[in-house]
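Chains, contacts and geometry: an overview
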Amino acid sequence: MRELVEFHNLTSLTPSQINESDSLNDLIEKVDLQSAEKVQKQNYKNFIEFIANNKLEYTYQDENNFNNTPYDKLTVDNKVTPGISGIVGCDIDEITQRVQLIADVKEYREVIYVERQNRLSKALTENKQQIIKKDKKMAVLEKDNNEKDIIIKFLSDEFKSK
């Protein structure tokens, strides 16, 4: 893991750099949140060079402008939907709608859970009943076999004595 962090220059701290008394703000001040951006461009160029040297195909091999990716085209045309705003920035009606939606989803999940548990319980009961029926049949067959064994032994003993 450390090798990946170092190679990509990802924002990180080692355990020895963290003190028990550090707050989240203290930790944020100790790191460079843009550190990965400093090496990403060169890492990507190295990656493309590696792929080309090994004659491997890749998504943008026929494009010269890596700033005009399909994602870039989507965002330029404003086809990306806006994100969901945090609840802190919502008015009371939006908060009420969100809380109600959460309650509805929770209730729906509970209904699905109960239905699934009922189906499993029913299947288990049916399986138990089938096993009981088969056990009864086996008991009857075993009794019949025991009676047949007794008859055969009796006849065998009778035949030997004659």
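Coordinates for the structure precede this section.
Residues numbered from 1 in each chain as written. Predicted model: local features only at pLDDT ≥ 70, side-chain atom pairs only at ≥ 80, totals over all residues. Heavy atoms only, no water.

Glancing now at the overall build of the chain. Secondary structure summary: the chain contains 5 helices and 0 strands in total. Overall, the chain shows an N-to-C arrangement of helices and strands of α-α-α-α-α. A compact globule built from 162 residues would reach a C-alpha radius of gyration of about 15 Å, whereas the chain, at 37 Å, exceeds it by more than 25%. C-alpha atoms of the chain, sized along the principal axes, occupy 105 × 60 × 45 Å. A total of 162 residues make up the chain; the buried ones form 6% of that total. Here the contacts in the chain between residues at least 6 apart in sequence split such that 27% fall between residues at least 24 apart. Accessible surface, the chain: about 15300 Å² in total, of which carbon and sulfur atoms supply 56%. One way to put it: in the chain the 24 positive side-chain charges average out to a point 12 Å from where the 29 negative ones average out. (Helix = DSSP H or I, 4+ residues; strand = E, 2+ residues; numbered from the N terminus. Rg over C-alpha atoms; globule rule 2.2 N^0.38 Å. Buried < 20%, exposed > 50% of the residue type's maximum accessible area, 1.4 Å probe, protein only. Contact = heavy atoms within 4.5 Å. Areas by Shrake-Rupley, 256 points an atom, 1.4 Å probe, with all protein chains shown as cover. Lys, Arg positive; Asp, Glu negative; His and termini not counted. Charge placed at Lys NZ, Arg CZ, Asp CG, Glu CD.)

In this model, asparagine 9 sits at a positive phi of 55°, which is unusual for a non-glycine residue. Turning to its location among the elements, asparagine 9 is positioned in the loop between helix H1 (2-7) and helix H2 (24-30). The phi dihedral of lysine 55 is positive, around 55°, even though this residue is not glycine. With respect to the helices and strands, the residue lysine 55 is situated in the loop between helix H3 (35-53) and helix H4 (70-76). By relative accessible area, which is 73% here, lysine 55 ends up exposed.

Before going further, it helps to spend a moment on the side chain of arginine 98. Relative to the helices and strands, arginine 98 resides in helix H5 (residues 92-161). Within polar-contact distance, the side chain of arginine 98 engages the backbone oxygen of serine 85 at 2.8 Å. Ignoring any residue separated from it by four or fewer positions in sequence, one finds arginine 98 in contact with Ile84, Ser85, Gly86, Ile87 and Cys90. (Polar contact = N/O pair within 3.5 Å; in protein donor to acceptor, adjacent residues only side chain to side chain.)

Now for the pattern of salt bridges. One pass over the structure, following the stated rule, counts 3 salt bridges. Between lysine 38 and aspartate 32 there is a salt bridge, with its nearest N and O atoms 2.4 Å apart. Lysine 38 sits in the exposed class, given a relative accessible area of 59%. For arginine 98, the salt bridge is made with glutamate 94, and the minimal N-O distance between the two is 2.9 Å. Of this pair, arginine 98 and glutamate 94 both sit in helix H5, 4 residues apart, which is roughly one turn of that helix. (Salt bridge = Lys/Arg side-chain N within 4 Å of Asp/Glu carboxyl O.)

Moving on, we get to the side chain of asparagine 43. Examined against the element boundaries, asparagine 43 turns out to sit in helix H3. When its relative accessible area of 15% is taken as the criterion, asparagine 43 is described as buried. Residues within four places of asparagine 43 in sequence aside, it is in contact with Phe7 and His8.

A few words on H5. Between its first and last C-alpha, H5 extends 102 Å over 70 residues, near the 104 Å set by a 1.5 Å rise per residue. By the N-cap criterion, in which a side-chain oxygen at the helix start approaches the backbone nitrogen of a residue two or three places on, H5 is capped by aspartate 91, the distance to aspartate 93 being 3.2 Å. (Expected span 1.5 Å × (residues − 1).)

This paragraph deals with H3. For an α-helix, 3.6 residues make a turn, and residues three or four places apart therefore share a direction. Given a rise of 1.5 Å per residue, 19 residues ought to cover 27 Å, and the 28 Å separating the end C-alpha atoms of H3 matches this to within 8%. Largest kink in H3: about 30°, centred on lysine 41. Elements in contact with the buried residues of H3: H1. Immediately downstream of H3, the backbone of lysine 55 shows phi near 55°, a positive value. (Bend = angle between axes of the 7 residues up to and from the residue.)

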